[in-house]
Amino acid sequence: NAGVTQTPKFQVLKTGQSMTLQCAQDMNHNSMYWYRQDPGMGLRLIYYSASEGTTDKGEVPNGYNVSRLNKREFSLRLESAAPSQTSVYFCASSERVRLAAFFGQGTRLTVV
Amino acid sequence: KQEVTQIPAALSVPEGENLVLNCSFTDSAIYNLQWFRQDPGKGLTSLLLIQSSQREQTSGRLNASLDKSSGRSTLYIAASQPGDSATYLCAVTHSGNTPLVFGKGTRLSVIA
């Protein structure tokens, strides 16, 4: 029962470095999402992909790019990491937008 | 813009007590509402999903109600146990086919 798998689970970056967070789901879902969770801020949507081949900005897209590689995989890229991007990142998927969402275990990212 | 508010932010109760967590949303044109549980350092686990046409959903000791017209939902936990200690998050999707918008959560502690 893999569900939604995120890699890595933990990462420390230096300011200015780049990295890609990986997400894969095995539920044959059409829609995938990236959220960030910060203390006192709740979960905020970064980007989402309603279906393979489409991506849309969420509430906080600045400093991020995404790629819907295929139906299973949706990656999040930080081109030049900043301390403000220190957060816990969650990937999620659902059969379609608006339907029940399933979340991965998160990636804890620290930018120093 | 949809805003979701959860009150209280934190709650501590003795074991065995029945309790209610509150969620309110500003735009009543929702498609569904989901309650999640998050344990410290972990991902989100879906507890209950209520469609906009439904009034309540039940799962074991959990009962979620929805009053769409007043923009409110409650999560009722019966006979609370220390294992119920976690953060509970409420999230809604809009009828306009947009992803989940989250509240900031209620951190529950059940004291043995």
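Note that the structure is a prediction, hence the values are computed from the model and not measured. (Residues numbered from 1 in each chain as written. Chains lettered and ligands numbered in written order. Predicted model: local features only at pLDDT ≥ 70, side-chain atom pairs only at ≥ 80, totals over all residues. Heavy atoms only, no water.)

### Focus on the overall build of chain B
- Looking only at helices and strands, chain B features zero helices and eleven strands.
- Beginning at the N terminus, the succession of helices and strands in chain B can be written as β-β-β-β-β-β-β-β-β-β-β.
- Computed over C-alpha atoms, the radius of gyration of chain B comes to 13 Å, within 12% of the 13 Å expected from 2.2 N^0.38 for 112 residues, which places it in the range of a compact globule.
- Dimensions of chain B along its principal axes, counting C-alpha atoms only, are 45 × 25 × 20 Å.
- Taking all contacts inside chain B whose residues are at least 6 apart in sequence as the whole, residues at least 24 apart take part in 55%.
- On chain B, roughly 5,200 Å² of surface is accessible, and the fraction owed to carbon and sulfur atoms is 48%.
- Positive and negative charge centroids in chain B, built from 9 and 8 side chains respectively, lie 5 Å apart. (Helix = DSSP H or I, 4+ residues; strand = E, 2+ residues; numbered from the N terminus. Rg over C-alpha atoms; globule rule 2.2 N^0.38 Å. Contact = heavy atoms within 4.5 Å. Areas by Shrake-Rupley, 256 points an atom, 1.4 Å probe, with all protein chains shown as cover. Lys, Arg positive; Asp, Glu negative; His and termini not counted. Charge placed at Lys NZ, Arg CZ, Asp CG, Glu CD.)

### Digging into the interface of chain B and chain A
- Every contact between the two is made by 23 residues of chain B and, on the other side, 20 residues of chain A.
- Taking both partners together, chain B and chain A bury about 1,700 Å²; carbon and sulfur atoms supply 57% of that area.
- Counting across the chain B and chain A interface gives one salt bridge.
- Salt-bridge contacts for Lys1(B) lead to Glu59(A); the nearest nitrogen and oxygen are separated by 3.5 Å.
- Here chain B and chain A share six residue pairs in polar contact (both at pLDDT 80 or more) between them. (Buried area = accessible area lost by both parts, 1.4 Å probe. Salt bridge = Lys/Arg side-chain N within 4 Å of Asp/Glu carboxyl O. Polar contact = N/O pair within 3.5 Å; in protein donor to acceptor, adjacent residues only side chain to side chain.)

### A word on the state of the cysteines
All names here are of chain B.
- Inspection of the entire model under this criterion finds two disulfides over all chains.
- Paired by a disulfide, Cys23 and Cys90 hold their sulfur atoms 1.9 Å apart. Of note, the bridge from Cys23 to Cys90 carries an S-S torsion of about -55° and is left-handed in sense. Taken together, the residues span a long stretch of sequence, with Cys23 in strand β3 (residues 19-25) and Cys90 in strand β9 (residues 86-94) at a distance of 67 residues. Summarising the burial analysis for this pair, Cys23 and Cys90 share the class buried. (Disulfide = S-S within 2.5 Å. Buried < 20%, exposed > 50% of the residue type's maximum accessible area, 1.4 Å probe, protein only.)

So, to be careful, I would describe these as geometric facts and stop short of saying anything about function.
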